[in-house]
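Structural overview for review
Residue strings, one per chain:
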Amino acid sequence: MAEHRVPPTPNNFHVWFNYTLGTPPVLKRAIDILIGNKRKFDAQTNREIYESYVGSKATDEAVAYEVSQQLHSVMASAKQFLTTAIADNRTQMAAINDVTERTEAGVDPKQLIESLMGELAKATTRATKLEVSFVEKSRELATIRDSLVKSEERAKTDTLTGLPNRRALEEFFRKAQLAAMEQDDPVSALLIDIDHFKRFNDEFGHGVGDQVLRLMARVLREAVRDIDLPARYGGEELIVILPNAGLTTAATIAERIRRLVAECHISRRSTGEALPGITISIGVAQFQGGESMSDLIERCDRALYQAKKTGRNRVVTEAELVPEQQVAG
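Quick caveat, the model's predicted, so the values are computed rather than measured.

Thresholds applied
- Residues numbered from 1 in each chain as written.
- Predicted model: local features only at pLDDT ≥ 70, side-chain atom pairs only at ≥ 80, totals over all residues.
- Heavy atoms only, no water.
- Helix = DSSP H or I, 4+ residues; strand = E, 2+ residues; numbered from the N terminus.
- Buried < 20%, exposed > 50% of the residue type's maximum accessible area, 1.4 Å probe, protein only.
- Contact = heavy atoms within 4.5 Å.
- Areas by Shrake-Rupley, 256 points an atom, 1.4 Å probe, with all protein chains shown as cover.
- Pairing = 2+ DSSP bridges.
- Axes fitted to C-alpha atoms, helices over the stretch in contact; angles between N-to-C directions.
- Salt bridge = Lys/Arg side-chain N within 4 Å of Asp/Glu carboxyl O.
- Core = buried A, V, L, I, M, F, W, Y, C linked by side-chain atoms within 4.5 Å.
- Phe/Tyr/Trp six-rings, centres within 6.5 Å; stacked < 30°, edge-to-face > 60°.
- Lys NZ or Arg CZ within 6 Å of the ring centre and 35° of its normal.
- Parallel < 35°, antiparallel > 145°, perpendicular 65-115°, else oblique.
- Left-handed = near helix turned anticlockwise from the far one by under 90°.
- Nonpolar A, V, L, I, M, F, W, Y, C, P; charged D, E, K, R; others polar.

A word on the overall build of the protein. What the protein contains, in helices and strands, is 10 helices and five strands. Per-residue burial over the protein gives 40% buried out of 329 residues. A separation threshold of at least 6 residues defines the contact pool for the protein, and within that pool the share at least 24 residues apart is 67%. When the accessible area of the protein is evaluated, it comes to approximately 18,300 Å², of which 55% is carbon and sulfur surface.

Structure, rendered in structure tokens:
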């Protein structure tokens, strides 16, 4: 931490302790990528690492505790309402029994009707109050439900790009993997790296680098299909999982993404100065039955490495890997 000038905060200690342990491996890989690109571990970078790889569990626990407390309050109120309703029901039954007994004793019918109407009016008033209380608590339950939905969305979203994060990626891949094995549908993945991304940070500042990442996120959303999942993988790397897409289809989508990015133009927001164009390299691989997500991404990574080694700004599929790369992998 001292070597990379990481402030000794509790959250940063948590992150780098896990990094030295190598768990989870994706955290170590993400930090290694940042170190390799000589990325400064400023406050924003440290916060993103913590939120993406460590903090989600703590957030989940805090949300779960808060929701538990809210539900406890609502359930206690519901129990009180039911107890009151049962007591009211007993009171009403006793009153009706009393009227019945008085009817048999020959009491003036007018008095009996007034008495019965009075009890029914009381019952109606109590029922109305209970209904209002139940409606209020139903609103509270709806609020809790919405809070849970929003918390789940935040826990699965990268704070910088707005793309799904690794947690959402892993969940999506598990479903796609299961569908692929059960229905024999192809699944492919694209691993995308922004060419010379370090230059944007070093020459123009991390604000411009962040602008590039947000631009990439927008292009991915527009370029992929509704059934696909684009996500931030780590640092300047992004990934797309493509259900129902074989290697050829995936390569076509990758080429469309590459072309769209190359056509983009960005400028410095503060001055309007035109900035260098953006290009990307993409590695493409198709899921093989029984393998893990890390196995699939490893082949994407080898294809991505070859794309960068052979000039960048290109798409390479696993079928194009040269023999040395296949052996090295």
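Additional details are given in the paragraphs that follow.
Our focus in this paragraph is the sheet that holds strand β4 (residues 280-286). With respect to topology, five strands assemble into an open sheet ordered β2-β3-β1-β4-β5, the strand pairing being mixed. Either end of the sheet is taken by a strand with one partner, and the two such strands are β2 (229-234) and β5 (315-317). Between one strand axis and the next, the sheet turns through 20° on average, direction left out of account. In this sheet, β5 lies alongside β4 in parallel orientation, the contact comprising three bridges. Bridge pairing in β5 places Gly-283 opposite Val-316.

What follows concerns the pattern of salt bridges. The tally for this structure, following the rule as stated, stands at 11 salt bridges. In this structure, Asp-32 and Lys-28 form a salt bridge, with 3.1 Å as the shortest nitrogen-oxygen distance. Of this pair, Asp-32 and Lys-28 both sit in helix α2 (residues 25-36), separated by four residues, roughly a single helical turn. The class of Asp-32 is partly exposed, set by a relative accessible area of 32%. Take Lys-28: its relative accessible area is 32%, and that puts it in the partly exposed class. With a shortest N-O distance of 2.6 Å, Glu-291 and Arg-299 are connected by a salt bridge. Linked through salt bridges whose partners overlap, the residues forming this network are Lys-156, Glu-171 and Lys-175.

This part takes up the nonpolar core. Note on soluble globular proteins: their nonpolar side chains tend to be buried together. With 36 residues, the main nonpolar core has Leu-190, Ile-192, Ile-257 and Ile-282 as its most contacted residues. At the level of secondary structure, the elements contributing two or more residues to this core comprise β1 (187-194), α6 (197-204), α7 (206-223), β3 (237-243), α8 (247-262) and β4. The element contributing the most residues to this core is α7, with nine residues. Look past the residues within four positions of Ile-192 in its chain and what remains in contact with it is Met-216, Leu-220, Glu-236, Glu-237, Leu-238, Val-240, Ile-257, Ile-280, Ser-281 and Ile-282. Counting residues in each nonpolar core, the second largest holds 19 residues, with Tyr-233, Ile-239, Phe-287 and Leu-296 among its members.

Now for the environment of Ser-267. Mapped onto the secondary structure, Ser-267 falls in the loop between α8 and β4. Linking Ser-267 and Gly-277, residues 10 residues apart in sequence, is a C-alpha distance of 9.6 Å.

Moving on, we come to the packing of aromatic side chains. Taken as a whole and judged by the stated rule, the model has four aromatic pairs. Relative to Phe-41, the ring of Trp-16 lies with its centre 5.3 Å away and its plane at 70°, an arrangement referred to as edge-to-face. Of this pair, Trp-16 sits in helix α1 (residues 10-21) while Phe-41 sits in the loop between α2 and α3 (43-104), placing them 25 residues apart in sequence. By the burial criterion, Trp-16 is buried, and Phe-41 matches it. One aromatic cluster in this structure is built from Trp-16, Tyr-19 and Phe-41. A cation over an aromatic ring shows up here: Arg-166 above the ring of Tyr-233, its NZ or CZ 4.2 Å from the ring centre. Against the face of Phe-200 rests Arg-199, its NZ or CZ located 5.6 Å from the ring centre.

For the pair α7 and α8, the least separation of the axes is 10 Å and the interaxial angle reads 135°. Considering the angle they form, α7 stands oblique to α8. Crossing geometry of α7 relative to α8 is assigned as right-handed. Residue-level contacts link Met-216, Val-219, Leu-220 and Ala-223 of α7 to Arg-256, Ile-257, Leu-260 and Val-261 of α8. Across the contact of α7 with α8, the residue classes tally to seven nonpolar, no polar and one charged.

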